[in-house]
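Tertiary structure, described
What follows is each chain in one-letter form.
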Amino acid sequence: EAEVAQSPRYKITEKSQAVAFWCDPISGHATLYWYRQILGQGPELLVQFQDESVVDDSQLPKDRFSAERLKGVDSTLKIQPAELGDSAMYLCASSLGRADTQYFGPGTRLTVL
Amino acid sequence: QKEVEQNSGPLSVPEGAIASLNCTYSDRVSQSFFWYRQYSGKSPELIMSIYSNGDKEDGRFTAQLNKASQYVSLLIRDSQPSDSATYLCAVKRGTNAGKSTFGDGTTLTVKP
């Protein structure tokens, strides 16, 4: 069964350092989402792509976060510089289209020291 | 007020009992509703989706939607210890909206 791949699974970094996360969606899925989930809370959408275009980044802290999906397939989410409050699970999800079921990857657990 | 509200729990039920999980939402134009199960340290997994008022059954799971009351629930019959997890309610504004807004989840513990 096809799955969303994410790497790394775990990342520990010091504040002010740069970190990057990678996501490979299920083949053929045009819509890709990055969510952040703080412990004890539900996932919060950071950015949504339709193919290579950003369709929603209203909750992305653009002073430090960036995301790209250059060829409309895999995607990278970057944080520079990392802050203590960025410690969370970063989840990538994909769907065939906007109206379709979202499938989540295993997530990247980020700890900022 | 959060857009999607859930009782944080924890909710504890004995094995074999019915677990009832509730969710309310504030956006009246919401059209799509989802229940995800999330085991500790894992990513969310979709277990039910519902779009029309009424009940939708899938095995031991029943989702109930009442748009007039802006309320959606999940019933788990014959609860098993393996059902112990956090259950997330998610809402989409429209069927083609893409973005899902999640509640903070209800933690369910099923005791053998």
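Residues numbered from 1 in each chain as written. Chains lettered and ligands numbered in written order. Predicted model: local features only at pLDDT ≥ 70, side-chain atom pairs only at ≥ 80, totals over all residues. Heavy atoms only, no water.

1. So, the overall build of chain B
When helices and strands are tallied, chain B shows zero helices and eleven strands. When the helices and strands of chain B are placed in sequence order, the string is β-β-β-β-β-β-β-β-β-β-β. The C-alpha radius of gyration computed for chain B amounts to 13 Å, which stays within 12% of the reference 13 Å derived for 112 residues, consistent with globular compactness. Projected onto its principal axes, the C-alpha coordinates of chain B cover approximately 40 × 30 × 20 Å. Relative to its full complement of 112 residues, chain B shows a buried share of 46%. (Helix = DSSP H or I, 4+ residues; strand = E, 2+ residues; numbered from the N terminus. Rg over C-alpha atoms; globule rule 2.2 N^0.38 Å. Buried < 20%, exposed > 50% of the residue type's maximum accessible area, 1.4 Å probe, protein only.)

2. Describing the state of the cysteines
All chains considered together, the criterion is met by two disulfides over all chains. Across the disulfide from Cys23(A) sits Cys92(A); the S-S distance is 1.9 Å. On the sign convention where negative means left-handed, the S-S torsion of about -70 degrees between Cys23(A) and Cys92(A) marks this disulfide as left-handed. Placement of Cys23(A) in strand E3 (residues 19–24) and of Cys92(A) in strand E9 (residues 88–95) is noted, with a sequence separation of 69 residues between them. Each member of the pair Cys23(A) and Cys92(A) is classed as buried. In this model, Cys23(B) is linked to Cys89(B) through a disulfide, with the two sulfur atoms separated by 2.1 Å. Between Cys23(B) and Cys89(B) the disulfide shows an S-S torsion of about -70 degrees. By sign, it is left-handed. With Cys23(B) in strand E3 (residues 19–25) and Cys89(B) in strand E9 (residues 85–92), this pair connects stretches of sequence that are 66 residues apart. As far as burial versus exposure is concerned, Cys23(B) and Cys89(B) are alike and both buried. (Disulfide = S-S within 2.5 Å.)

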